[in-house]
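Coordinate inspection notes
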Amino acid sequence: MPSRIPDLTDHLGYWLRQLSNHVTLGFARKLADKDVTVAEWGLMRSLYGREPTSPSRLASEMSLTRGAVTKLADRLIAKALVMREASEADGRAQTLRLTRKGAGFVPELAALADQNEIACFGSLSDEDRSALERILRETVARLGLTKMPLD
């Protein structure tokens, strides 16, 4: 038996979770004021500035199931932010695209993401921010993490 059991705070994971929860909750609250969830924002941002895209392609790119993309799309369609259309290449297939309202809304939501980023990390020097980003990106790559963190 180990002579000393580490405190929770002795683990980097504890601090990463603490920070992740704060960043995500802050952003979720900002988005909630706009009637959008973090997952919905992720889908909208994935659709922004691109041609109509199949739900299966979005699912692959976002590392979600096609069903999850469909549920997100259904919610965004109900809010008139996304449209589902027959594919021009194959009339049986469906594609998703932002509506004019949705495309106009994305920059506003992106500004909220930027505000949240500044609120959480604005006190870091450029050097510290770059180092933190490099370490996180390298760790994510080494672990083979690909799923978009939406919740």
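Attention here is on the structure that accompanies the text.

Thresholds, definitions, all that
Residues numbered from 1 in each chain as written. Predicted model: local features only at pLDDT ≥ 70, side-chain atom pairs only at ≥ 80, totals over all residues. Heavy atoms only, no water. Helix = DSSP H or I, 4+ residues; strand = E, 2+ residues; numbered from the N terminus. Expected span 1.5 Å × (residues − 1). 1 Å grid on protein atoms, 1.4 Å probe; cavity = no way out; pocket = protein on both sides within 12 Å on 5 of 7 lines; lining within 4 Å. Points joined across faces, edges and corners; volume = space filled by probe spheres on them. Nonpolar A, V, L, I, M, F, W, Y, C, P; charged D, E, K, R; others polar. Buried < 20%, exposed > 50% of the residue type's maximum accessible area, 1.4 Å probe, protein only. Salt bridge = Lys/Arg side-chain N within 4 Å of Asp/Glu carboxyl O.

Here the focus is helix α4 (residues 66-78). Counted at 1.5 Å a residue, the expected span for α4 with its 13 residues is 18 Å, and the 18 Å between its end C-alpha atoms agrees. In the segment just after α4, A80 is the residue with positive phi, at about 60°.

Take the environment of P107 next. Note on placement: P107 falls in helix α5 (residues 100-121). Considering only alpha carbons, one finds P107 and R92, 15 residues apart in sequence, at a separation of 32 Å.

Let us now look at the layout of surface pockets. In this model, the largest pocket occupies a volume close to 1900 Å³. Lining the largest pocket we find 38 residues, and of these S20, V23, E117, L136 and P149 sit closest to its centre. Broken down by secondary-structure element, the contributors of at least two residues to the lining of the largest pocket are α1 (12-32), α2 (38-47), α5 and α6 (126-143). Taken together, the residues of the lining of the largest pocket sort by class into 21 nonpolar, eight polar and nine charged.

Time to look at unusual backbone geometry. The phi dihedral of D35 falls on the positive side, at around 60°, and the residue is not glycine. Considering the arrangement of structural elements, one finds D35 in the loop between α1 and α2. We note that S63 has phi near 55°; this positive angle belongs to a residue other than glycine. Among the structural elements, S63 can be located in the loop between α3 (55-62) and α4. For S63, a relative accessible area of 27% gives the class partly exposed.

Between side chains of opposite charge, a pair can form when the charged atoms approach closely. For the structure shown, the criterion picks out 12 salt bridges. R4 is the salt-bridge partner of D10, the closest N and O atoms lying 2.7 Å from each other. Classification of D10 by relative accessible area gives partly exposed; the value is 43%. Between D74 and R84 there is a salt bridge, and its shortest N-O distance comes to 2.6 Å. Placement of the pair is D74 in helix α4 and R84 in strand β1 (residues 82-86), with a sequence separation of 10 residues. For D74, a relative accessible area of 38% translates into the label partly exposed. Assessed through its relative accessible area of 34%, R84 is described here as partly exposed. One continuous salt-bridge network, built from bridges that share partners, spans D35, E40, R75 and K79.

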